[in-house]
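Each chain is listed here by its residues.
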Amino acid sequence: MKALVLSGGAGTRLRPFSYSMPKQLVPIANKPVLAHVLQNIKNLGVQEIGVIVGDWAPEIADVMGDGAQCGTRVTYIRQDHPRGLAHCVEIARDFLGDDDFLMYLGDNMLPDGIASIAEEFAANRPTAQVVVHKVPDPRAFGVVELDADGNVERLVEKPQQPRSDLALIGVYFFTPAIHEAVAAIEPSARGELEITDAIQWLVASGADVRASEYDGYWKDTGNVDDVLECNRHLLDRLDAHVAGDVDDASEVDDQVVIGAGARIVRSRIQGPVIVGENTVVEDCEIGPYTSIGRDCVLRASAVSDSIVLDRAQISRVQGLRSSLIGRDATVGTGDWAAPHHRLVVGDFTRVEVAA
């Protein structure tokens, strides 16, 4: 089996970050979303992974490399413009060959893994198997309707009156029969080749199309609130490890990771928190639920429930929470800032919060 990971979207809901980095590289618990995805795939024993990339191809390749760091082999496949999920299958035809494959949206987080669903597909080998999750409001999703035997009867994209609460969550298992379906469909009203149309074509042709329900934690990391929520979820699983230096005047709780070369000076860290390599935290109150990247400098500040990306600097800001601070950003260089700030600061941005 091979895997096809889709990482070509524009990420408009994550602006200003998606102006300067692809959404799939936003770190959660100090690890890019795409790295979490590749690790999930590698855990299934799949090593050959095709990654669909768009305009951010050089940036993604620079961070992810050839996949060796995840124990995989990555082939990058360029999509000149977003033309639908089925179009991704079409342009990956040479890479996929006649193998079964897993298709996985590159901004989806499923930290509980999909091993049992992969085993189910391998054992039964239906023509296609979609992964669904129960959602309270299915109108924003592709929705799967099942017949009395539990087989897929119909797929409806964003129905106004859903007949099911089973939403497609961006993970699919396919046999090579999907290529015939993709070749048979026409672009939708929005001008894209929809994977739901291809799967519906299989259903209408009498193919064996099944659905498996994923009941673990799932998050589409498409906006800031979802990124922060997912960060909290992953930090709750953190195993304590201190490789950096903590001085005697500092207090560090359980469930805290401090990277090599980091220095904690006269500060209190309330876990779960992760502090990246070579970061300096001085005279600060940090946490809980905060991820701080590499080579950051935080001084005389209080930060909680936030993500601070690599090389950011935060100085004299009290009560910074539920925030996302970009790479190389500088925040609060003036007088002591007022408490209870929620900030979303893009890469390379300088912000001085009024006192």
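Residues numbered from 1 in each chain as written. Predicted model: local features only at pLDDT ≥ 70, side-chain atom pairs only at ≥ 80, totals over all residues. Heavy atoms only, no water.

**Thoughts on the overall build of the protein**
A count of helices and strands for the protein gives nine helices and 32 strands. Over its C-alpha atoms the protein spans a radius of gyration of 22 Å, differing by no more than 12% from the 20 Å that the globule rule assigns to 355 residues. In terms of its C-alpha atoms, the protein occupies a principal-axis envelope of roughly 70 × 40 × 40 Å. Sorting the 355 residues of the protein into buried and exposed places 54% on the buried side. A fraction of 48% describes how many contacts in the protein between residues 6 or more apart in sequence connect residues 24 or more apart. In the structure as shown, the protein presents an accessible area of about 15300 Å², 43% of it carried by carbon and sulfur atoms. In the protein, the 32 positive side-chain charges and the 53 negative ones have mean positions that sit 3 Å from each other. (Helix = DSSP H or I, 4+ residues; strand = E, 2+ residues; numbered from the N terminus. Rg over C-alpha atoms; globule rule 2.2 N^0.38 Å. Buried < 20%, exposed > 50% of the residue type's maximum accessible area, 1.4 Å probe, protein only. Contact = heavy atoms within 4.5 Å. Areas by Shrake-Rupley, 256 points an atom, 1.4 Å probe, with all protein chains shown as cover. Lys, Arg positive; Asp, Glu negative; His and termini not counted. Charge placed at Lys NZ, Arg CZ, Asp CG, Glu CD.)

**Some details on the pairing of strand β6 (residues 101–105)**
The buried count for β6 comes to five of five residues, which makes it a mostly enclosed element. Note that β6 and strand β11 (residues 166–174) share four bridges and pair antiparallel. Its bridge partner lying in β11, Tyr-104 is registered against Val-171. (Pairing = 2+ DSSP bridges.)

**Points about the nonpolar core**
Counting residues in each nonpolar core, the largest one holds 52 residues, and the members touching the most others are Val-5, Ile-41, Tyr-104 and Phe-173. Residues contacting Val-5, with those up to four places away along its chain left out, are Leu-34, Val-37, Leu-38, Ile-41, Ile-49, Gly-50, Val-51, Ile-52, Tyr-104 and Gly-106. One finds Leu-4, Ala-92, Leu-105 and Leu-155 within the second-largest nonpolar core, a separate group that totals 35 residues. (Core = buried A, V, L, I, M, F, W, Y, C linked by side-chain atoms within 4.5 Å.)

**What about the sheet that holds strand β14 (residues 241–242)?**
On the basis of which strands lie adjacent, the open sheet formed by seven strands has the order β14-β17-β20-β23-β26-β29-β31 and parallel pairing. Edge strands, defined here as strands with exactly one partner in the open sheet, are β14 and β31 (344–345).

**Some remarks on the packing of helix α7 (residues 177–184) against helix α8 (residues 195–204)**
The interhelical angle for the contact between α7 and α8, taken along N-to-C directions, is 110°, at an axis separation of 8 Å. As far as their axial angle goes, α8 and α7 are roughly perpendicular. Here α7 and α8 pass one another in a crossing that is right-handed. Across from Ala-177, Ile-178, Glu-180, Ala-181, Val-182 and Ala-184 in α7, the residues of α8 making contact are Ile-195, Ala-198, Trp-201 and Leu-202. (Axes fitted to C-alpha atoms, helices over the stretch in contact; angles between N-to-C directions. Parallel < 35°, antiparallel > 145°, perpendicular 65-115°, else oblique. Left-handed = near helix turned anticlockwise from the far one by under 90°.)

**A look at the sheet that holds strand β25 (residues 302–304)**
Pairing is parallel across the open sheet formed by five strands, whose spatial order is β16-β19-β22-β25-β28. Each edge of the sheet is formed by a strand with only one pairing partner; in this case those strands are β16 (251–252) and β28 (320–321). Here β16 runs beside strand β19 (residues 268–269); their pairing, made up of two bridges, is parallel. Residue pairing across strands places Glu-251 opposite Arg-268, the latter belonging to β19.

**Looking at the side chain of Ser-250**
Within the fold, Ser-250 resides in the loop between β15 (245–246) and β16. Residue classification places Ser-250 among the buried positions, given a relative accessible area of 14%. For Ser-250, the residues in contact, after removing those within four places along its chain, are Ile-264, Val-265, Arg-266 and Ser-267.

**Looking at the environment of Cys-88**
Within the secondary structure, Cys-88 sits in helix α4 (residues 85–91). Taking the relative accessible area as the measure of exposure, Cys-88 reaches 4% and is therefore buried. Residues Cys-88 and Val-53, 35 residues apart in the sequence, show an inter-C-alpha distance of 9.6 Å. Not counting the four nearest positions on each side in its chain, Cys-88 is found in contact with Leu-4, Leu-6, Ile-52 and Gln-79.

**Some remarks on the environment of Arg-93**
Position of Arg-93 among the secondary structure elements: in helix α5 (residues 93–96). Residue Arg-93 is classed as partly exposed on the basis of its relative accessible area of 32%.

**A few points about the packing of aromatic side chains**
Counted according to the given criterion, the structure contains four aromatic pairs. Seen from their ring centres, Phe-141 and Trp-218 are 5.9 Å apart, and the 55° between their planes marks the pair as tilted. In this pair, Phe-141 is assigned in the loop between β8 (128–134) and β9 (142–146) and Trp-218 in the loop between β12 (209–213) and β13 (219–220), connecting sequence segments 77 residues apart. A relative accessible area of 14% places Trp-218 in the buried class. Linked through ring pairs, Phe-101, Tyr-172 and Phe-174 together constitute an aromatic cluster. Between the NZ or CZ atom of Lys-2 and the centre of the ring of Phe-95, over which it lies, the distance is 5.0 Å. (Phe/Tyr/Trp six-rings, centres within 6.5 Å; stacked < 30°, edge-to-face > 60°. Lys NZ or Arg CZ within 6 Å of the ring centre and 35° of its normal.)

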